[in-house]
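Each chain is listed here by its residues.
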Amino acid sequence: MTLDVAYRDVIEDREFPTVREWRERTGGKVVGCFPVYAPVEVPYALGMLPIGLFGGGNRVEIANADSRFQSFICSIVKSTMELAFIGKLDIVDGLLFHSICDPARNLSSVMERNFPERPSVYVHLPQNMTSPHAATYLAAELRRVGAALAPIAGRPLADEDVWRSIDAYESIRDLLRRLYALRSQTPERISTGELYTLARLVTLMDPIDSAAILTAALAAAGDREARPKDRIRVVLVGSFCEQPPLELIESLEESGCYIVNDDFLQGWRWAQRGVRRNGDPYLALARSYIDDSEHLSTKHDLRRPRAHALLESVRHHRADAAIFLGAKFCEPGLFDYALYRRALDEARIPHLFLEFEEKMWLYDRVRGEVETFVESMLFAEARV
Amino acid sequence: MKAAPEIGYRGTIHELQKRLMTRYYDDLTAIAQGGPGRSAQLLIAGNPVEVLRAFDMIPVFPEVNALQLAVRKASLPLIQKAEELGYATDNCAYVKADIGMWQGGGVAPFGTVPKPDILVCNYVGCNVYLNWFEHLAELVGAPAINIDVPFLRTPAGTPTDEDVAYVMAQLTELIQHLERITGAEFDEDKFRGIVERSARVGELWTRIKELTRRRPAPYDAYFDSVTMMAPLYCLRGTPEGLDFFERAYEEMSARAEAGTGPLPQERFRIVIEGPPPWPFLRAFRDMFSRWGAVAVASTYSTVGGLWEFGFRHDPAKPLESVARHMLEANLCNRSMLQRYSQIERYVSEWDADALVIHSVKSCRLFSAGQGDMREHFVHDRELPTLLIESDLEDPRYFSAAQLRNRIDAFFEALEQRRVTAGAIAAEAAARVPA
C-alpha cells in the first residue's frame, strides 16, 4: 500500500482543504475540537462537521499568542490561538474545549474573549469513575453541549440523529481498531507514518468519506507483501494531545522501531469496543466513555492504576520496550511519566524518554537517541 | 534607593495563628506516632471540610504542608528528590515537594504528616489535583476517591441543576465511605452545627475583607490574608476556628477605626493576582512595602472559598451548601473571565490604583493565560498592570534582582503618572477664571 502523498500534505495544511471542500459541498457548519476527547457525535448529529484542532504544527510561527500565554505553556495552546489570530480558524463556526488540563481550560476563556464571534463551548468530562452518578451526569452534559451548539447549527437535535451519528463514528473507530490490530500483528505491512496519516485524516473529514479511505487502506495493507525488518517492537505513549511532526514519527521508525501501539490522536479512537445500544443515546455514549474507553492520560480512573494499562499494552502487543514521547510542558503527560518509569523499571521493561514540540523540524538528536537505545537493546539480545 | 519601612502589621492574630497551627500539626504528629484520631487528605480549592469534621477527621491539605516547607526553606531538596524519581522540572513544585516529603515518611520541620485514613481528591478546577492524588494513592497506599466537581462553564456562570445533584450525590457517597472507615454513623445534627460555624466564619471573613476598602487599609489583603487562610481551611467548622475569626475581626476593625495601616504611609493601593512566592515571602513583601504599596484585595485569598460576594454556607441545607461552595464559591472552579470580573470589582469597589499579576510556573490554573489578563486590564480597562514571574514553591525560579527592577520601574512610572496628573489638574485649576 502506498498512501496517496496528497494526504500527507492535507493533514498538515492549516488551510484545511478537506474541510473547505465539505463546507462548499454541504453548506454545513464546522466545529473545531481541541484535544483530547471530544464528543464529536453531538455536533455531527446536528449536521455539523467536527474537526480536530491540533495546533499549528511546524508550519505556523507564533507571533501573537505568546503575549497571551507564557513561555512555560505548551505549544499547542499558543499555536491554536495563533491560528485564530492569523485567520486560519475563520472556517470554524464554534469551538469545543474540554477539561483535560489547566492551560486548555484557560484557553477556552481566552479564546472566548478574543474571538467572541466564534463561540467556545467548554465540556466538563467526568473524573469520578467509581460513582454510579457519573454516567447520568455525562449524559446531561452531552445534552447541554447539543443545546449550546444547536443555535450555531440552526436546527434542534433529535435522539435518532444522535444514534445515526454514533453509528457513523462507530464505523470509523472500528476501522481504526482493525488497522491498529493489523499493525500490531504485522507492522511491516503498514507503517506508523501511514497509519498516523490515515487517523489524522479522520479528524478532518466527514466520517462517511473517511470510512471509504480507511476501508481501502485496510484492504491494501492486508494484501501488502513485505518482509519484517530487524527492528524492536515498541509501545509509544505521551503524545495524546499535542502531536509530533509526521517526520518525527517516521524518524522513530527509521531508527529501528516498529511502533506496535501508540496514543496519537487517542481521543478520536478512544473506544475499546462498540457503544452498547440502549434507549438513550447520550447515556449509552456516556457509559461507553466511562467504562469502555482506552486508557486516556486525561481520564483519571481509580479503578485501574494507569501504569498497569501501559504494562498490559506492552505485554498484549509483545513489545520489547516502551518509548515515552511527551510534548514539552505537557503537565499531564509528564506526571504520567513518573508513574510509568517506576512501573517499567519494576517490570524490567526497557524504556526511553523523549521530548518533542510540534514546531520542531530537526530530528537528528531524537534519531540519535533512538538509534542508541535500539542498538543497546539489539546488542543485549545478541549477547543473550 | 528606598529601604523597606518597619512594618507594623504583626498583630495578635499572627501569634494566635502560629499557636493554633502548631497545635494542629502536633495533633497530626501524635496520630502519625500511633496516637488516637484520624486524618483525611483533601485539597484547598472549594474544600468540603465540614463533611470530614462531622466524622472528627482532621483535614490535611498537601498545599498547606508544601507551603510550610517552602516558608521554612526546606522545599528544594524535596523537589530535587522527586525529580530524581522521574518528575519533571515542569511539574507543579507543590506536588514534587509533597512527594519528596513522603519519601521521608511524612517527616517535616513542622511535624509529621500521618498516613491518611482516606485520600479525598476534591477535583475543583485544578487538574493537577487529579494527578497529585493518583500519585499519592500509589505512594502512601491509602484508599482514594475523587469528588468530581463540574467546572462553571455555562454562559450564566452558575452551576446547572445536574451539576448540583451530581456533587451532592458524590458527597453522599463520601459520607458512606467515611461511615465504613470510621465505623461511626453520620450525625446530621453535628454536621449542621459545623456548617453553621462555617457560615459564621464566612460572614466574619467577609467583614474582615471589607475593612480594606478603608484608607488606609488596616492590613495587607495579600500578605496578611495568607495568615488567616490556614485557619480558614484547617480549622473551619471548629469552635477554635470560629474564635480565631472573631478575634481577627475584632483586631482588624480596631485598627481600621484607629486609622492604622500595615505601613507608615499607604501610597499605592494594589490588587494582587496569583499565589505568593512562599520561599521568599518576606523579601517579596518588602519589594512592595518600600513603595508604600498595600494590597487591598487579592484573588489568592479566594482559592479555597469566595465569600465576599455573598456566598454563605446554609445550615438549613447543609449538604447542598457544601456542594455549592465547591461548585461556585471559590476562585479555582470559576473561569478566567469570571476572574477578570472579580478583579474588576476589587479595583472599583476597593478603589485600587493598579493590578500586580504574580505569575507562578507551578500553578497553571492561575498562570496560563495571564498575558491575556494583562492585555485586558491594560488595553480595555486602562489600569496600570504589572506582570512578574517566579514560583510558589521552587526557590530556583525566584530572581530577586530582576523582580525588584520590574517592581521599582512599575512604581516609579506610577508615581510619575500621579505627579503628571497632579500638575495637569493644578494647571487646569489655575486657568479657571476667579
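Definitions and limits used
- Residues numbered from 1 in each chain as written.
- Chains lettered and ligands numbered in written order.
- Predicted model: local features only at pLDDT ≥ 70, side-chain atom pairs only at ≥ 80, totals over all residues.
- Heavy atoms only, no water.
- Helix = DSSP H or I, 4+ residues; strand = E, 2+ residues; numbered from the N terminus.
- Rg over C-alpha atoms; globule rule 2.2 N^0.38 Å.
- Buried < 20%, exposed > 50% of the residue type's maximum accessible area, 1.4 Å probe, protein only.
- Contact = heavy atoms within 4.5 Å.
- Areas by Shrake-Rupley, 256 points an atom, 1.4 Å probe, with all protein chains shown as cover.
- Lys, Arg positive; Asp, Glu negative; His and termini not counted.
- Charge placed at Lys NZ, Arg CZ, Asp CG, Glu CD.
- Buried area = accessible area lost by both parts, 1.4 Å probe.
- Salt bridge = Lys/Arg side-chain N within 4 Å of Asp/Glu carboxyl O.
- Polar contact = N/O pair within 3.5 Å; in protein donor to acceptor, adjacent residues only side chain to side chain.
- Pairing = 2+ DSSP bridges.
- Right-handed = clockwise from strand over helix to strand, strands pointing away.
- 1 Å grid on protein atoms, 1.4 Å probe; cavity = no way out; pocket = protein on both sides within 12 Å on 5 of 7 lines; lining within 4 Å.
- Points joined across faces, edges and corners; volume = space filled by probe spheres on them.
- Nonpolar A, V, L, I, M, F, W, Y, C, P; charged D, E, K, R; others polar.

(A) Geometry of the overall build of chain B. When its secondary structure is counted, chain B shows 16 helices and 10 strands. Here chain B has a C-alpha radius of gyration of 22 Å; the compact-globule value for 434 residues is 22 Å, and the two agree. In terms of overall dimensions, chain B has a C-alpha envelope of 85 × 50 × 40 Å along the principal axes. Residues classed as buried in chain B amount to 64% of the 434 residues present. The long-range share in chain B, meaning contacts at least 24 apart out of those at least 6 apart in sequence, stands at 79%. Counting every atom, chain B has about 15300 Å² of accessible surface; 51% of that belongs to carbon and sulfur. Computed over 47 positive and 58 negative side-chain charges, the separation of the two mean positions in chain B equals 5 Å.

(B) Broad picture of the interface of chain B and chain A. Counting residues at the interface gives 58 residues for chain B, matched by 47 residues for chain A. For the pair chain B and chain A, the summed buried area comes to about 4600 Å², and 54% of that belongs to carbon and sulfur atoms. Where chain B touches chain A, the interface holds 8 salt bridges. Applying the counting criterion to the chain B and chain A interface returns 33 residue pairs in polar contact (both at pLDDT 80 or more).

(C) Up close: the pairing of strand β5 (residues 118–123) of chain B. Residues and elements named next belong to chain B. Of all 6 residues that make up β5, 6 are buried, and the element is covered over most of its length. The pairing of strand β1 (residues 38–41) with β5 spans 2 bridges and is classified as parallel. Each bridged residue has a counterpart across the sheet, and for Q41 the counterpart in β5 is L119. Sheet topology places β5 next to strand β6 (residues 144–148); 5 bridges connect them, and they run parallel. Paired with L119 across the strands is A144, a residue of β6. For the crossover from β5 across helix α6 (residues 128–140) to β6, the handedness is right-handed.

(D) Here's a closer look at the layout of surface pockets. Approximately 1100 Å³ is the volume found for the largest pocket. Lining the largest pocket are 47 residues, with B:L67, B:V71, B:V226, B:W278 and B:L281 positioned closest to its centre. Where the lining of the largest pocket is concerned, the elements lending two or more residues are α1 (12–32), α3 (62–71), α6, α9 (225–234), α11 (281–289) and α14 (364–367) of chain B. Counting residues per element, the lining of the largest pocket draws most heavily on α1(B), which supplies 6 residues. Considering only residue class, the lining of the largest pocket consists of 32 nonpolar, 6 polar and 9 charged. Around the second largest pocket sit 24 residues that line it, and A:N261, A:E294, A:S313, A:H316 and A:H317 are the ones nearest its centre. Of all the secondary-structure elements, those providing two or more residues to the lining of the second largest pocket are α7 (159–185), β5 (232–237) and α12 (306–316) of chain A. Of the residues that constitute the lining of the second largest pocket, the class distribution is 9 nonpolar, 8 polar and 7 charged.

(E) Fine view of helix α8 (residues 192–202) of chain A. Taken across its 11 residues, α8(A) has 11 buried, putting it largely inside the fold. Every buried residue of α8(A) is listed here: A:T192, A:G193, A:E194, A:L195, A:Y196, A:T197, A:L198, A:A199, A:R200, A:L201 and A:V202.

(F) View of the pattern of salt bridges. Taken as a whole and judged by the stated rule, the model has 71 salt bridges over all chains. Note that A:R25 and A:D209 form a salt bridge whose closest N and O atoms lie 3.0 Å from each other. Here A:R25, found in helix α2 (residues 17–26), pairs with A:D209, found in helix α9 (residues 207–223); they are 184 residues apart in sequence, far enough to count as distant. Close ionic contact of B:R38 with B:D117 constitutes a salt bridge, the shortest N to O distance being 3.6 Å. Placement of B:R38 in strand β1 and of B:D117 in the loop between β4 (111–112) and β5 is noted, with a sequence separation of 79 residues between them. A relative accessible area of 24% places B:D117 in the partly exposed class. A cluster of three or more residues bridged by salt bridges with shared partners is formed by A:R68, A:R113, B:D372, B:E375 and B:D380.

(G) Geometry of the environment of B:E349. All names here are of chain B. Position of E349 relative to the elements: it lies in helix α13 (residues 336–349). Under the relative-accessibility criterion, E349 is labelled partly exposed at 30%. Taking the C-alpha atoms as reference points, E349 and G371, separated by 22 residues in sequence, lie 24 Å from one another. Among the polar contacts made by the side chain of E349, one reaches the side chain of R213 at a distance of 3.5 Å.

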